[in-house]
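The residues making up each chain are set out below.
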Amino acid sequence: MFTGFLIGLSGGINVLTALYYGAKDRESLSKTIHSAALVSLIMGVLLLVLGVGLSEWMLTMLKTREELLDKAVLYLRIYYLGMPALAIYNFGNAVYSAVGNTKKPLYYLGFSGVLNIILNLFFVIVCHMDVAGVALASIISQYVSAALILQALLRCKDIYALHPGKLRLDPELTKDILGMPSGLQNVIFQFANSFVQMGVNSFDATMVAGNSAATNADAMVYDVMAAFYTACGSFMGQNYGAGKQERIRKGLKGAVLVSVVFCVIVSALVFVFAKPLMLLFVEAGETEIIAEGVRYLHIEGAFYCGI
């Protein structure tokens with residue numbers, strides 16, 4: 001839910017940045033970027049404090065099983081330490097995506113992803129750190145990706161560059177950034193899912209593990225779909241700012257068509273390859289957990305087009 005809020009917040013930043021970039025409004029673009037950087041950092045720190053403080057309460061409210069609670073709380077508290085980094089990376093990604101440069105954030109995220117895998121193996125296998133190692137690997141890789149994208153914006157010579165001396169909250173633009181509905185939309189969606197998770201947690205540990213593994217696979221599909229939405233938002237924002245109404249209509253039709261075709265293909269692939277997907281997250285010998293996850297993916301995969 002917290003991560004979804006930050007992703008949604010970056011969606012609002014993306015649209016506003018694209019709007020002023022397309023309109024070639026240098027002053028509003030600069031104010032948007034510098035206000036957005038501070039808003040993202042403040043939200044990241046706020047979520048860190050809330051997450052660390054409320055982890056046990058939230059998991060208890062979700063009826064997390066007693067044998068899973070301690071490690072789940074430990075994982076969440078460590079993971080929430082990475083919220084500021086996640087907020088800053090999403091901010092930088094939003095800016096670069098808005099101006100049409102999606103490769104740079106991808107390279108940084110790819111590097112951090114590889115680092116995450118290596119650190120996972122090191123902390124879990126070599127250091128025997130269990131869930132703490134997994135969480136620690138995640139936040140280290142998040143801070144690395146945030147640092148990389150931040151230094152890129154600071155060194156940038158283009159009109160969307162970040163200048164520390166210009167960091168301040170513009171009241172109107174800050175209101176626009178926080179008023180974007182995408183962050184709230186993600187929170188509502190994940191809040192509703194928390195009730196589903198509460199129901200899942202009432203079952204035995206096998207069911208919980210199968211569901212958790214399947215949602216990891218499910219998240220990969222959702223993240224790809226979110227990329228279509230981000231691209232569409234950037235395209236719309238730039239063309240709206242430039243006053244190109246016809247391109248907006250064509251872009252919307254193209255985005256809907258591509259998304260639907262992708263959904264149909266992915267739904268079929270998830271249904272057919274549900275078990276291999278589960279094996280990415282669960283050991284082959286855990287047959288009952290795999291079976292639960294496969295059942296989840298078969299049902300969930302039929303409704304991807306609703307995303």
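Quick caveat: nothing in here was measured; it's all calculated off a predicted structure.

Explain the overall build of the protein here, please?
Helix and strand content of the protein: 12 helices and 0 strands. Mapped in sequence order, the helices and strands of the protein form the string α-α-α-α-α-α-α-α-α-α-α-α. For a compact globule of 307 residues, the expected C-alpha radius of gyration is about 19 Å, and the protein comes in at 20 Å, within 12% of that figure. C-alpha atoms of the protein, sized along the principal axes, occupy 55 × 40 × 35 Å. Within the protein, residue pairs in contact and separated by at least 24 positions form 77% of the contacts whose partners lie at least 6 positions apart. Just so you have it, the protein exposes about 16,500 Å², and 68% of that area is on carbon and sulfur atoms. One finds the centroid of the 21 positive side-chain charges in the protein at a distance of 15 Å from the centroid of its 20 negative side-chain charges.

What am I meant to see in the pattern of salt bridges here?
Think of it this way: side chains of opposite charge can pair up when their charged atoms draw near. Tallied over the full model, the rule gives 7 salt bridges. Note that E27 and K31 form a salt bridge whose closest N and O atoms lie 3.2 Å from each other. Of the two residues, E27 and K31 are both situated in helix α2 (residues 26–61); the distance of 4 residues between them amounts to about one turn of the helix. Residue class for E27 comes out exposed when judged on its relative accessible area of 54%. You can call K31 partly exposed: its relative accessible area is 35%. Between E292 and R295 there is a salt bridge, with its nearest N and O atoms 2.8 Å apart. A residue pair is termed a helical-turn pair when its members lie 3 or 4 positions apart in one helix, as E292 and R295 do in helix α12 (residues 287–300) at 3 residues.

What is the right way to look at α2 in this model?
Residues separated by three or four positions in an α-helix point in the same direction, a consequence of the helix having 3.6 residues per turn. The axis of α2 is deflected most strongly, by about 60 degrees, at L54. Two residues or fewer after α2 comes K63, characterised by a positive phi angle close to 60 degrees.

I keep staring at the packing of aromatic side chains and nothing clicks. Help me out?
Two descriptors summarise a pair of aromatic rings, namely the distance from one centre to the other and the angle between the planes of the rings. Per the stated rule, a full pass over the model turns up 5 aromatic pairs. Ring geometry for Y21 versus Y160: centroids 6.3 Å apart, planes at 70 degrees, classification edge-to-face. With a gap of 139 residues between them, Y21 in helix α1 (residues 2–22) and Y160 in the loop between α6 (130–155) and α7 (171–179) connect regions that are remote in the sequence. A centroid spacing of 5.8 Å and a plane angle of 15 degrees characterise the contact between Y75 and Y79, whose relative ring orientation is stacked. One end of the pair, Y75, and the other, Y79, are both in helix α3 (residues 66–80), 4 residues apart, so they sit about a helical turn from each other. Judged by its relative accessible area of 17%, Y79 falls in the buried class. Of the aromatic side chains, those joined through ring pairs into one cluster are Y21, Y96 and Y160.

Just checking my understanding: could you explain unusual backbone geometry for this structure?
Note: most peptide bonds trans; most residues except glycine with negative phi. One non-glycine residue with positive phi stands out, namely K24, at about 60 degrees. Secondary-structure assignment places K24 in the loop between α1 and α2. The phi dihedral of K63 is positive, around 60 degrees, even though this residue is not glycine. Within the element layout of this structure, K63 appears in the loop between α2 and α3. For K63, a relative accessible area of 49% corresponds to the partly exposed category.

Honestly, the environment of Q245 in this entry has me stumped. Any pointers?
Note on placement: Q245 falls in helix α10 (residues 245–272). In this structure, the C-alpha to C-alpha distance between Q245 and L68, residues 177 residues apart in sequence, is 53 Å.

In this structure, what is going on with the nonpolar core? I would like to understand it.
Of all hydrophobic cores here, the largest spans 42 residues; its most connected members are M83, F91 and Y160. Mapped by element, the contributors of at least two residues to this core are α1, α2, α3, α4 (83–98), α6 and α7. Among the elements that line this core, the one with the most residues is α4, at 10 residues. Residue contacts for M83: discarding those within four places in its chain leaves F2, T3, L6, G44, L47 and L48. If you look at the next biggest cluster of nonpolar residues, it comprises 15 residues, including A213, V266, A274 and I290.

Which parts of the structure should I look at to understand the environment of I149?
Relative to the elements of secondary structure, I149 occurs in helix α6. In the structure, I149 is positioned 44 residues away from P105 in sequence and 6.7 Å away in space, judged by C-alpha atoms. The contacts of I149, once residues within four sequence positions are left out, are I88, Y89, G92, N93, Y96, P105 and Y108.

Sorry, what's going on with the side chain of S267 here?
Looking at the element boundaries, S267 is found in helix α10. For S267, a relative accessible area of 14% corresponds to the buried category. Those residues within four positions of S267 in sequence are excluded, and the remaining contacts are G301 and Y304.

The rules behind each value
- Note that residues are indexed from 1 along each chain, following the sequence as it is written.
- In keeping with the model being predicted, local features are shown solely for residues with a pLDDT of at least 70 and side-chain atom pairs are shown and tallied solely at 80 or more, while totals for entire chains, interfaces and linings include all residues.
- Each side-chain value is worked out from all heavy atoms of the structure, with water and hydrogens disregarded.
- Helix and strand assignments come from DSSP, with helices taken as H or I runs of at least 4 residues and strands as E runs of at least 2, each series counted from the N terminus.
- For the radius of gyration, the atoms used are the C-alpha atoms, and the globule rule reads 2.2 Å times the number of residues raised to 0.38.
- Contact between two residues is taken to exist if any of their heavy atoms lie within 4.5 Å; hydrogens are not considered.
- Only the protein chains shown count as cover for residues, and all accessible areas are computed by the Shrake-Rupley method using a 1.4 Å probe.
- Only four residue types enter the charge count: Lys and Arg as positive, Asp and Glu as negative, with His and the chain ends excluded.
- The atoms used to mark charge sites are NZ of Lys, CZ of Arg, CG of Asp and CD of Glu.
- Take a side-chain nitrogen of Lys or Arg and a carboxyl oxygen of Asp or Glu: if they are within 4 Å of each other, that pair is a salt bridge.
- Here the term buried applies to any residue with accessible area under 20% of the maximum for its type, exposed to any over 50%, and partly exposed to those in between, with areas from a 1.4 Å probe on protein chains only.
- The reported bend at a residue is simply the angle between two axes, fitted to the 7 residues ending at it and to the 7 residues beginning with it.
- Pairing of aromatic side chains here covers Phe, Tyr and the six-membered ring of Trp, requires ring centres within 6.5 Å, and sorts the geometry by plane angle: under 30 degrees stacked, over 60 edge-to-face, intermediate tilted.
- Here, the term nonpolar core denotes a set of buried Ala, Val, Leu, Ile, Met, Phe, Trp, Tyr and Cys residues that are joined through side-chain atoms within 4.5 Å.

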